[in-house]
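Residues per chain are reported as follows:
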Amino acid sequence: MAAGRGAYVWRFDSGRICLDLVATGPGGAGRGGREQLDGPGRLADWLTAARLVPPGTALTALDTTWLTRFRELRADVERLMAAQLASCGTPVESVVPQLGCKGERGALDRVNSLAAHAPPGPRAVRGEGGALVRTLSAEPDCAGLLAVVARDAVDLLTDPVARAALRRCAGGACDRLYLDTSRGGRRRWCSGEVCGNRERVARHRRRTAGSAPVERPAGAPVERPGGAPEEKNPPAVE
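Residues numbered from 1 in each chain as written. Predicted model: local features only at pLDDT ≥ 70, side-chain atom pairs only at ≥ 80, totals over all residues. Heavy atoms only, no water.

On to the overall build of the chain, then. From N to C terminus, the chain includes eight helices and six strands. In the chain, which comprises 238 residues, the proportion classed as buried is 36%. Put simply, of all contacts in the chain between residues at least 6 apart along the chain, 57% involve residues at least 24 apart. Here the chain displays about 14,000 Å² of accessible surface, and carbon together with sulfur accounts for 53% of that area. (Helix = DSSP H or I, 4+ residues; strand = E, 2+ residues; numbered from the N terminus. Buried < 20%, exposed > 50% of the residue type's maximum accessible area, 1.4 Å probe, protein only. Contact = heavy atoms within 4.5 Å. Areas by Shrake-Rupley, 256 points an atom, 1.4 Å probe, with all protein chains shown as cover.)

Here it is, written out as structure tokens:
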């Protein structure tokens with residue numbers, strides 16, 4: 001699923017909002033890609049597109065501090081997911097100490113701390129035409145919105161089914177993380193329409209290049225099926 005406004009369209013096809021946040025980093029735009037959360041305005045756009053806040057929600061307090069904190073959470077979630085992938089199914093609570101890396105232990109502590117905050121409270125109100133629409137009980141603060149993403153990461157890492165479905169895209173130029181919920185767990189790409197299609201096109205080009213006829217220099221012997229060059233007919237003896 002893609003969402004957004006203006007010239008930029010965000011992708012929300014990883015299966016979890018915490019993985020969608022990870023995808024906003026340079027790696028989510030392809031190896032060697034650029035930072036996608038490159039300013040407070042872009043973060044505000046992502047928060048709305050991700051449905052963390054309803055459209056039209058006032059985010060008057062959003063500044064570069066919010067941007068820094070969301071990038072830090074993104075880095076911690078990505079570090080923990082990479083550790084989980086490297087664990088081959090071992091519970092993340094056991095993986096982090098086994099790695100002996102302060103980076104992973106610190107990331108887990110920080111995510112747990114953020115998850116302890118209260119997320120924004122939702123409300124249902126009458127909109128135009130009388131239909132019920134979602135709004136928030138108060139203007140959301142940074143800690144509350146970070147808590148939504150951090151709690152999603154905790155839920156993923158502590159859910160055996162979700163952990164087992166965690167994958168990294170097999171695309172040659174993509175590092176996106178996603179949950180494989182396909183039948184048989186055979187999904188290889190973060191998106192069949194993006195990376196999957198790119199790989200199919202590349203495979204077709206390789207096949208086409210391999211089957212192209214090779215030009216033979218004039219006068220060169222013709223190869224017979226057995227591999228030996230075809231003999232020219234000897235001149236007739238008069």
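This paragraph deals with the pattern of salt bridges. For the structure on display, the rule yields seven salt bridges. With a shortest N-O distance of 3.1 Å, Asp-76 and Arg-79 are connected by a salt bridge. Taken together, the positions of Asp-76 and Arg-79, both in helix α3 (residues 64-86) and three residues apart, correspond to about one turn of that helix. The shortest N-O distance in the salt bridge between Asp-180 and Arg-167 comes to 3.8 Å. Placement of the pair is Asp-180 in the loop between β6 (177-179) and α8 (192-211) and Arg-167 in strand β5 (residues 166-168), with a sequence separation of 13 residues. Residues joined in a network through salt bridges with shared partners are Asp-76, Arg-79 and Arg-110. (Salt bridge = Lys/Arg side-chain N within 4 Å of Asp/Glu carboxyl O.)

A word on the pairing of strand β4 (residues 132-136). The pairing of strand β3 (residues 122-126) with β4 spans five bridges and is classified as antiparallel. If you follow Arg-123 over to β4, its bridge partner there is Thr-135. Between β3 and β4, which pair antiparallel in sequence order, lie five residues; one of them, Gly-129, sits at a positive phi of approximately 85°. (Pairing = 2+ DSSP bridges.)

The subject of this paragraph is unusual backbone geometry. Phi is positive for Arg-51, which is not a glycine, with a value near 65°. Take Arg-51: it is sitting in the loop between α2 (40-49) and α3.

Across all of its chains, the model carries one aromatic pair by this definition. Ring centres of Phe-12 and Trp-46 lie 6.2 Å apart, and the angle between their planes is 35°; this geometry places the pair in the tilted category. With Phe-12 in the loop between β2 (8-11) and α1 (17-22) and Trp-46 in helix α2, this residue pair connects regions lying 34 residues apart in the sequence. The class for Trp-46 is buried, based on a relative accessible area of 0%. (Phe/Tyr/Trp six-rings, centres within 6.5 Å; stacked < 30°, edge-to-face > 60°.)

Below, the discussion takes up the nonpolar core. Counting residues in each nonpolar core, the largest one holds 43 residues, and the members touching the most others are Trp-46, Leu-47, Phe-70, Leu-73 and Met-81. For this core, the elements supplying multiple residues, two or more each, are α1, α2, α3, α5 (102-115), α6 (142-158) and β6. Among the elements that take part in this core, α6 stands out by supplying eight residues, more than any other. With residues near it in sequence (within four places) discarded, Phe-70 still touches Leu-21, Leu-43, Leu-47, Cys-142, Leu-145, Leu-146 and Val-149. (Core = buried A, V, L, I, M, F, W, Y, C linked by side-chain atoms within 4.5 Å.)

Two elements in contact, α3 and α5, have axes whose closest approach is 9 Å; the angle formed by their N-to-C orientations is 125°. Classified by the angle their axes make, α3 and α5 are oblique. Our pair here, α3 against α5, has a crossing hand that is left-handed. Contact residues: α3 offers Arg-69, Leu-73, Asp-76, Val-77, Arg-79, Leu-80 and Ala-83, while α5 offers Gly-103, Glu-104, Ala-107, Leu-108, Arg-110, Val-111 and Leu-114. Here the residues of the contact of α3 with α5 are counted per class, giving eight nonpolar, one polar and five charged. (Axes fitted to C-alpha atoms, helices over the stretch in contact; angles between N-to-C directions. Parallel < 35°, antiparallel > 145°, perpendicular 65-115°, else oblique. Left-handed = near helix turned anticlockwise from the far one by under 90°. Nonpolar A, V, L, I, M, F, W, Y, C, P; charged D, E, K, R; others polar.)

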